[in-house]
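Observations on chain architecture
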Amino acid sequence: MVERGPKEILAIADLRVEYPTENGTVRAVRGVDLQVKEGEILGLVGESGCGKSATLLATMRLVPFPGKITSGQIILDGQNILELDEGEVRKVRGKTVSMILQDPMSALNPAHKIGTQIKEALSVHGLWNRTEDGQRQLVKLLERVGIPSPETVLELYPHQLSGGMQQRVMIAIALACRPKLILADEPTTALDVTIQAQILDLLANINKDNGTAIILVTHNLAVASQFCHRIAVMYAGQIIEEGPTDEVLSNPLHPYTQGLLNCLPRFQRRERLTSIPGQVPDLTGSIPGCAFYPRCSRRARTCRLKNQRLMSVDGRRKVRCERWRINEVFEERVLEEELDMVVDHDRYQDQ
């Protein structure tokens, strides 16, 4: 009998999200492919503006107007949510997939008590019990996320809680209907380091105890290294590298991932930190070839002309770069085209 692995809870294929502006159409997400299995924690990392949050909002069908999903598939628990009408999507949100936003103060309604807001999440899906058992249900949710004196907190308003407590309430709301997938959009950004660790430990326990899949959006590679099973690195609206966390961080294949790691301070590191030269490309226009070309230390002429595809390396890892095999020292000594690269690199730095 053939053993089957964990079920795929989310499969995104060729997802594209655009935002029309006065200066042109911003192509925030440009052909993202992403898969998440039951019980898996995936870290979605990259610098600000690379499309991480836009990808999560698209997964919830919550792209803010005037933005829109222009193409692709989002298969969530076996159904393509892009083919559902708004009423059907509401049945999916909260029950199959929930989202934790990075700013709980703006996400929670300041005019309603905490208990009322948790009740609403349950009522939408017909899971709220109006009896004394229902009240106990709310208390248990707050206890589960580590909130002391839950009976008292249910009667408070959001502004009466600290930032860490507000985020725990957001997690309680996300857990209320026992979703199979939680989308966490930088849930610890506004919190101090101690509270950050507590929130991440809480999410890790939820994943372990319930088998809930989690996508964690973060720009903090240290957080991703401790929390995530796999990492997907985004740049200019595309996934440029993906694989098991330890393999991606110990042996990055894409020059951008290598650049991100070279920017990090390390204990007893003596060499100077290096930055990635240049700027993120303008996403309002078309980008011929590799989006990282102007900033890349390994580029060749063909990279500027040829669209790079996300290639499978060994069945476990993927990379959007055809030159990942080439050793940098070998390039400098042997490839004549690198002379052109140095000239181009200096020109981009001067701009």
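Whatever comes next refers back to the structure up there.
No experiment lies behind these values; they were computed from the predicted model shown. (Residues numbered from 1 in each chain as written. Predicted model: local features only at pLDDT ≥ 70, side-chain atom pairs only at ≥ 80, totals over all residues. Heavy atoms only, no water.)

**As for the sheet that holds strand β2 (residues 24-37)**
Strands in a sheet are paired, the pairing made by backbone hydrogen bonds, and the direction either parallel or antiparallel. We apply this condition: What makes two strands pair is DSSP finding at least two bridges between them. Elements are defined by DSSP. Helices are runs of H or I of four residues or more, strands are runs of E of two residues or more, and each kind is numbered from the N terminus. We call two residues contacting when some pair of their heavy atoms lies within 4.5 Å. For helices, the fitted axis covers only the stretch in contact; all axes are lines through C-alpha atoms, and the angles between them, taken along N-to-C directions, range from 0 to 180 degrees.
One open sheet accounts for 4 strands, arranged β2-β1-β4-β5; its pairing is antiparallel. Each of the sheet's edge strands pairs with one partner strand only, and the pair in question is β2 and β5 (79-80). Both strand β1 (residues 8-21) and strand β4 (residues 68-76) contribute to a ladder of 7 bridges, which runs antiparallel. Bridging from a neighbouring strand, Ala-11 pairs with Ile-75 of β4. The strands touched by helix α1 (residues 52-59) are β1, β2 and β4; relative to β1, the strand with the most contacts, the crossing angle is about 115 degrees.

**A look at the packing of aromatic side chains**
Basically, it comes down to this: Pairing of aromatic rings covers Phe, Tyr and Trp, the last through its six-membered ring, and needs centres within 6.5 Å; plane angles under 30 degrees mean stacked, over 60 mean edge-to-face, and all others mean tilted. Relative accessibility thresholds used throughout: buried, under 20% of the residue-type maximum; exposed, over 50%; partly exposed, between the two (1.4 Å probe, protein chains only). We call a charge positioned above a ring when the Lys NZ or Arg CZ atom is no farther than 6 Å from the ring centre and deviates by at most 35 degrees from the ring normal.
Taken as a whole and assessed by the stated rule, the structure comprises 3 aromatic pairs. Both rings, one in Tyr-235 and one in Tyr-256, keep their centres 4.6 Å apart while their planes meet at 50 degrees; by these two values the pair is tilted. Here Tyr-256 lies in helix α11 (residues 255-262) and Tyr-235 lies in strand β9 (residues 230-235), a separation of 21 residues in the sequence. Here Tyr-235 falls in the buried class, since its relative accessible area comes to 2%. Classification of Tyr-256 by relative accessible area gives buried; the value is 0%. When the centroid spacing of 5.2 Å and the interplanar angle of 90 degrees are considered together, the rings of Tyr-235 and Phe-292 count as edge-to-face. Here the residue Tyr-235 occupies a position in strand β9, and Phe-292 occupies one in the loop between α11 and α12 (301-305), the gap between them amounting to 57 residues. For the pair Tyr-235 and Phe-292, one class covers both residues: buried. These aromatic residues form a ring-pair network of at least three members: Tyr-235, Tyr-256 and Phe-292. Above the plane of the ring of Tyr-293 lies Arg-299, whose end atom (NZ or CZ) is 4.8 Å from the centre.

**A short note on the nonpolar core**
Just so we agree on the cut-off: Here, nonpolar core refers to any group of buried Ala, Val, Leu, Ile, Met, Phe, Trp, Tyr and Cys residues whose side-chain atoms link them within 4.5 Å.
Core analysis: the biggest nonpolar cluster contains 60 residues, and Ile-171, Leu-203, Phe-227 and Tyr-256 have the highest contact counts within it. Per element, the largest residue contribution to this core is 6 residues, and it comes from helix α7 (residues 163-175). Judged by nonpolar contacts, the second largest core, of 36 residues, contains Val-17, Val-36, Val-89 and Leu-310.

**Thoughts on the pairing of strand β8 (residues 213-218)**
Counting buried residues in β8 gives 6 out of 6 residues, a clear majority hidden from the surface. Relative to β8, strand β7 (residues 181-185) runs parallel, the two being bridged by 5 bridges. Looking across to β8, one finds that Leu-181 is bridged to Ala-213.

**Some words on the environment of Val-45**
With respect to the helices, strands and loops of the structure, Val-45 is situated in strand β3 (residues 41-45). Judged by its relative accessible area of 1%, Val-45 is buried. When the C-alpha atoms of Val-45 and Tyr-235 are compared, they prove to be 8.9 Å apart, with 190 residues separating the residues in sequence. Discounting chain neighbours no more than four positions away, the residues touching Val-45 are Lys-52, Thr-218, Leu-221, Ala-224, Ile-231, Ala-232, Val-233 and Met-234.

**Quick look at the pattern of salt bridges**
Condition: Put simply, a salt bridge is a Lys or Arg side-chain nitrogen that is within 4 Å of an Asp or Glu carboxyl oxygen.
Taken as a whole and judged by the stated rule, the model has 12 salt bridges. One salt bridge in this structure joins Arg-295 and Glu-47, with 3.6 Å as the shortest N-O distance. With Arg-295 in the loop between α11 and α12 and Glu-47 in the loop between β3 and α1, this residue pair connects regions lying 248 residues apart in the sequence. According to the relative accessible area criterion, Glu-47 is partly exposed, its value standing at 24%. Here Lys-180 ties to Asp-77 by a salt bridge, and the two come within 2.9 Å at their closest N and O atoms. Of the two residues, Lys-180 sits in the loop between α7 and β7 while Asp-77 sits in the loop between β4 and β5, which places them 103 residues apart along the sequence. The partly exposed category is assigned to Asp-77, whose relative accessible area is 23%. Within this structure, Lys-7, Asp-77 and Lys-180 form a network of salt bridges that share partners.

**A closer look at helix α8 (residues 193-210)**
Short version of the rule: In this analysis, the expected span of each helix is defined as 1.5 Å times one less than the number of residues it contains. Under this definition, polar contacts are N or O atom pairs within 3.5 Å; protein pairs additionally need one hydrogen-donor-capable and one acceptor-capable atom, and for neighbouring residues in sequence, both atoms have to be side-chain atoms.
Here α8 is 18 residues long and its end C-alpha atoms lie 26 Å apart, about the 26 Å a rise of 1.5 Å per residue gives. Between the side-chain oxygen of the N-cap and the backbone nitrogen of Thr-194 there are 3.2 Å, and the N-cap of α8 in question is Asp-192. A positive phi of about 70 degrees marks Gly-211, the residue just after α8.

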